Amino acid sequence: MKKLLLLIFIGFAFLSCDDKKSNLTPSGVTEAFVKAFNTADFQNMYNYSSKKSHILIDNLAEQRTEKEFEVIRGRKIAIDSTVISQQTDSTATCICYFRVKELNNKDNWMIARQEWSLAKEGGDWKVLLVRP
């Protein structure tokens, strides 16, 4: 019985580590950022973006009313796929294909696509927010 419990514990440990490692890839960081960006999850936007991008995130936070944020935070995001269109040792460009459903809309999912540039910062992949 003790061996079985130990094996189960080790299995859960490996599964949880594997999930965290997937967020460290350009695709994983892009997907996490897309979810945060499209649901106004500013804390995770900070976590997955470069330090220079934080000023732009602060500006985004100031541009909406609390009522608008309630609507945005109520969105559901379903990632379909993420493609790395370009990658070097320190930079990458990812295209994320996903669906968005507004809180008050029961069955209508909108198809969306976002392209993000990433760079390594302190050894971790981070999204670069660049003003057009």
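(A) Main features of unusual backbone geometry. With a phi angle near 55 degrees, alanine 40 is a residue other than glycine that sits in the positive phi range. Counting through the fold element by element, alanine 40 comes out in the loop between helix 2 (26-37) and helix 3 (42-47).

(B) Local environment of the pairing of strand 3 (residues 110-121). Here strand 2 (residues 91-101) runs beside strand 3; their pairing, made up of ten bridges, is antiparallel. Bridging from a neighbouring strand, alanine 92 pairs with leucine 118 of strand 3. For strand 3 and strand 4 (residues 124-128), the ladder comprises five bridges, and the chain directions are antiparallel. Its bridge partner lying in strand 4, glutamate 121 is registered against aspartate 124. Turn length for the strand 3-strand 4 hairpin, with the two strands adjacent in sequence and antiparallel, is two residues, and the turn residue glycine 122 shows positive phi of about 65 degrees.

(C) Examining the nonpolar core more closely. Ranked by size, the top nonpolar core spans 24 residues in total, and within it Phe33 and Leu118 carry the most contacts. Of all the secondary structure elements, the ones that give two or more residues to this core are helix 2, helix 3, helix 4 (54-62), helix 5 (66-73), strand 2, strand 3 and strand 4.

(D) Examining the side chain of threonine 30 more closely. Following the sequence through the fold, threonine 30 ends up in helix 2. Beyond its immediate sequence surroundings of up to four residues, threonine 30 is in contact with Thr82, Cys94, Cys96, Trp116 and Leu118.

(E) Summary view of the packing of aromatic side chains. In this structure the tally under the stated criterion is four aromatic pairs. Summarising the aromatic geometry, the rings of phenylalanine 33 and phenylalanine 37 are spaced 5.8 Å apart at their centres and angled 25 degrees between planes, so their arrangement reads as stacked. Remark: phenylalanine 37 and phenylalanine 33 occur in helix 2; sequence separation between them is four residues, near one turn of the helix. The exposure class of phenylalanine 37 is partly exposed, given its relative accessible area of 27%.

(F) Layout of the confidence of the model for the protein. Looking at the protein as a whole, its pLDDT mean stands at 85, while 81% of the residues score no less than 70. Low pLDDT, under 50, characterises residues 2-21; the predicted model gives this stretch zero contacts beyond four residues in sequence or across chains.

(G) Main features of the environment of cysteine 96. With respect to the secondary-structure elements, cysteine 96 resides in strand 2. A relative accessible area of 0% places cysteine 96 in the buried class. Taking the C-alpha atoms as reference points, cysteine 96 and serine 81, 15 residues apart in sequence, are found 6.0 Å from one another. Dropping the residues within four chain positions of it, cysteine 96 is found in contact with Thr30, Glu31, Val34, Ile79, Ser81, Thr82, Ala112, Arg113 and Gln114.

(H) Structural view of the side chain of serine 49. Turning to its location among the elements, serine 49 is positioned in the loop between helix 3 and helix 4. Engagement of the side chain of serine 49 in a polar contact is seen with the backbone oxygen of methionine 45, the distance being 2.7 Å. Once residues within four sequence positions are removed from consideration, serine 49 is found in contact with Phe33, His54, Ile57, Glu121, Lys126 and Val127.

About the cut-offs
Residues numbered from 1 in each chain as written. Predicted model: local features only at pLDDT ≥ 70, side-chain atom pairs only at ≥ 80, totals over all residues. Heavy atoms only, no water. Helix = DSSP H or I, 4+ residues; strand = E, 2+ residues; numbered from the N terminus. Pairing = 2+ DSSP bridges. Core = buried A, V, L, I, M, F, W, Y, C linked by side-chain atoms within 4.5 Å. Buried < 20%, exposed > 50% of the residue type's maximum accessible area, 1.4 Å probe, protein only. Contact = heavy atoms within 4.5 Å. Phe/Tyr/Trp six-rings, centres within 6.5 Å; stacked < 30°, edge-to-face > 60°. pLDDT = per-residue confidence, 0-100. Polar contact = N/O pair within 3.5 Å; in protein donor to acceptor, adjacent residues only side chain to side chain.

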